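# Structure assessment
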Amino acid sequence: MANNHKIFYRFCVVILFILTLIALLPLVLIMMASITDEDTLLANGYAFIPAKFSTAAYLYLIKQHSTILRAYGISFAVTGIGTFLSVLFTTMIAYPMSAKNFKYRNMLTFFVFFTMLFNGGVVPSYLLWSSTLHIKDTLWALILPNYLVTAFNVILVKNYYSTNVPDALLESARIDGANEIVIFFKIMLPLAVPVVATIGLFTALVYWNDWINGLYYISNPNYYGIQNLLIRLMDNIQFLKSGAAGSSLGALSVKLPGTAVRMAMAVTGILPIVITYPFLQKYFIRGVVIGAVKG
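Each chain has its residues counted from 1, following the order in which its sequence is written. In keeping with the model being predicted, local features are shown solely for residues with a pLDDT of at least 70 and side-chain atom pairs are shown and tallied solely at 80 or more, while totals for entire chains, interfaces and linings include all residues. Side-chain figures throughout are based on the complete set of non-hydrogen atoms in the structure, without hydrogens or water.

## Overview of the overall build of the protein chain
Numbering goes from the N terminus for both helices and strands, where a helix is a DSSP run of H or I of at least four residues and a strand is a run of E of at least two. For the protein chain, the helix and strand inventory stands at 15 helices and zero strands. The buried share among the 295 residues of the protein chain stands at 35%. Sequence-distant contacts in the protein chain: of pairs separated by 6 or more residues, those separated by 24 or more amount to 73%. Note on areas: Shrake-Rupley with a 1.4 Å probe; residue coverage comes only from the protein chains shown. Here the protein chain displays about 17,300 Å² of accessible surface, and carbon together with sulfur accounts for 71% of that area. With a 1.4 Å probe rolled over the protein chains alone, any residue whose accessible area is under 20% of its type maximum counts as buried; one over 50% counts as exposed, and the rest are partly exposed. Two residues form a contact once any of their heavy atoms are found within 4.5 Å.

## What about the nonpolar core?
We call a set of buried residues a nonpolar core when its members are Ala, Val, Leu, Ile, Met, Phe, Trp, Tyr or Cys and they connect through side-chain atoms within 4.5 Å of each other. Within the largest apolar cluster, 32 residues are counted, with the highest numbers of intra-cluster contacts made by L61, I226, L233 and M265. Elements represented by at least two residues in this core include exactly α3 (56-63), α4 (65-98), α10 (193-209), α12 (226-240) and α15 (258-291). Here this core gets six residues from one element, more than from any other, and that element is α4. Each domain's limits were defined by an automated method or a database of domain assignments. No fewer than three residues from each of domain 1 (1-64 + 247-277) and domain 2 (66-245) sit in this core. Counting residues in each nonpolar core, the second largest holds 21 residues, with A94, L156, Y160 and L170 among its members.

## Here we look at the confidence of the model for the protein chain
Averaged over all residues, the pLDDT of the protein chain equals 81, while 86% of them reach at least 70. Per-element confidence in the protein chain is highest for α4, whose mean pLDDT is 90, and lowest for helix α14 (residues 251-255), whose mean pLDDT is 47. The predictor attaches a confidence to each residue, called pLDDT, with possible values from 0 through 100. Under a pLDDT of 50 for its full length, residues 244-254 has, in the predicted model, 10 contacts with residues more than four places off or in other chains. Below a pLDDT of 50 lies the segment residues 291-295, which in the model reaches 13 contacts outside its immediate sequence neighbourhood of four places, other chains included.

## A few points about helix α7 (residues 151-164)
The span you would expect from a helix comes to 1.5 Å times its residue count less one. The end-to-end C-alpha separation of α7 is 20 Å, in line with the 20 Å expected for 14 residues at 1.5 Å each. Across the 14 residues of α7, 10 count as buried, placing the element largely inside the fold. Along α7, the residues that are buried comprise A151, N153, V154, L156, V157, K158, N159, Y160, Y161 and S162.

## Side note on unusual backbone geometry
Phi at H134 is positive, roughly 55 degrees, even though this residue is not glycine. For D137, which is not a glycine, the phi torsion comes out positive at approximately 60 degrees. Locating D137 in the fold gives a position in the loop between α6 (122-132) and α7.

## Concerning the pattern of salt bridges
For salt bridges, the criterion is a side-chain nitrogen of Lys or Arg within 4 Å of an Asp or Glu carboxyl oxygen. Tallied over the full model, the rule gives three salt bridges. Between D167 and K100 there is a salt bridge, and its shortest N-O distance comes to 3.5 Å. Note that D167 is positioned in helix α8 (residues 167-175) and K100 in the loop between α4 and α5 (105-117), a separation of 67 residues in sequence. E171 is paired through a salt bridge with R174; the nearest N and O atoms lie 3.3 Å apart. On the criterion of helical spacing, the pair formed by E171 and R174 is a turn pair, its members being three residues apart in helix α8. For E171, a relative accessible area of 40% gives the class partly exposed. Classification of R174 by relative accessible area gives partly exposed; the value is 22%.

## Considering the packing of aromatic side chains
Centres within 6.5 Å make a pair out of two Phe, Tyr or Trp rings, where for Trp the six-membered ring is used; the pair is then stacked when the planes are under 30 degrees apart, edge-to-face when over 60, and tilted otherwise. All chains considered together, the criterion is met by 13 aromatic pairs. Between F110 and F111 the ring centres are 5.8 Å apart and the planes differ by 55 degrees, which places this aromatic pair in the tilted class. Overall, F110 belongs to the partly exposed group, its relative accessible area being 48%. In textbook terms, an aromatic cluster arises when at least three aromatic residues are bridged by ring pairs, as seen for F110, F111, F114 and F118.

## Comments concerning the packing of α4 against helix α9 (residues 180-191)
Working note: a packed helix pair is described by the angle between its axes plus the distance between those axes. Two numbers describe how α4 lies on α9: the axes approach to 11 Å, and their chain directions differ by 105 degrees. Here α4 lies roughly perpendicular to α9, going by the angle between them. The residues of α9 that touch α4, namely those facing L88, T91, M92, Y95 and S98, are E180, I183, F184, F185, M188 and L189. In this classification, Asp, Glu, Lys and Arg are treated as charged, Ala, Val, Leu, Ile, Met, Phe, Trp, Tyr, Cys and Pro as nonpolar, and every other residue, Gly included, as polar. For the contact of α4 with α9, the class distribution of residues is eight nonpolar, two polar and one charged. Fitting a line to C-alpha atoms yields each axis, with helices limited to the stretch in contact; the angle taken between N-to-C directions then spans 0 to 180 degrees. When describing relative orientation, an angle under 35 degrees is termed roughly parallel and one over 145 degrees roughly antiparallel, while 65 to 115 degrees is termed roughly perpendicular and anything else oblique.

## Things to note about the environment of W140
With respect to the element layout, W140 can be found in the loop between α6 and α7. The sequence separation of W140 and V78 amounts to 62 residues, and the corresponding C-alpha distance is 8.2 Å. Each residue touching W140, except ones within four places of it in the same chain, is listed here: I81, L85, I135 and P145.

Below, the structure written as structure tokens:
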């Protein structure tokens with residue numbers, strides 16, 4: 001039995017190693033393409049070992065450093081504020097849903113679950129945020145719509161509370177005179193670190209990669225996040241390399257590193273997530289596994 005266990009363990013390690021390579025290879029290919037000469041890239045396509053190296057794509061981005069740094073600041077602010085508020089509201093909504101003595105527990109759960117199946121659509125949402133609440137061209141336009149509270153995260157946290165926080169502990173706290181606010185901040189949140197880290201990572205990824213809110217609600221370039229800025233830089237390059245703009249620029253339009261810049265933009269956008277993820281991985285796995293168990 002011990003030998004069979006070792007064989008199975010090694011088999012799993014090999015499979016996971018192969019899957020990890022499959023996941024990493026596209027990232028490596030993107031990085032290599034970003035440092036490949038534009039003409040070589042167009043002639044030979046993508047390669048893990050570039051035939052001709054070039055830093056033109058990153059030099060182009062460095063020339064836009066002030067704009068890019070401002071966009072990074074917007075993205076970090078939106079991700080930080082949005083993630084904090086999302087985690088706070090999500091855990092607060094999940095708490096009464098997990099409380100067996102809460103009278104309207106089932107009704108609240110129904111309303112939360114209902115939003116997973118139906119929504120008002122893009123046009124009503126746009127009219128609500130832009131015409132009624134007037135958040136267009138503000139930082140809140142990148143935070144409030146779509147991602148602030150999601151039903152999936154609420155249910156994940158609710159299940160975690162139900163399966164990992166003993167009712168006896170809460171009753172003991174109430175007997176000692178603790179109210180619900182004290183119980184939530186002193187007991188529930190400290191015991192829910194794994195699932196909080198999990199939904200925090202989920203939410204941070206969504207906010208960092210979001211470009212839809214910027215497309216819908218932002219027209220002022222000062223509020224472009226990194227994703228929206230990179231899209232617009234790419235559009236500018238495409239415009240300069242085509243049509244009347246391309247013919248007026250002549251040879252200069254051909255030298256613009258359009259494809260390589262696209263890859264460099266992808267590397268620039270994903271780098272903060274790659275750096276952050278390893279620190280949250282241990283909480284991420286535990287929170288998903290435990291929080292997904294029906295309570």
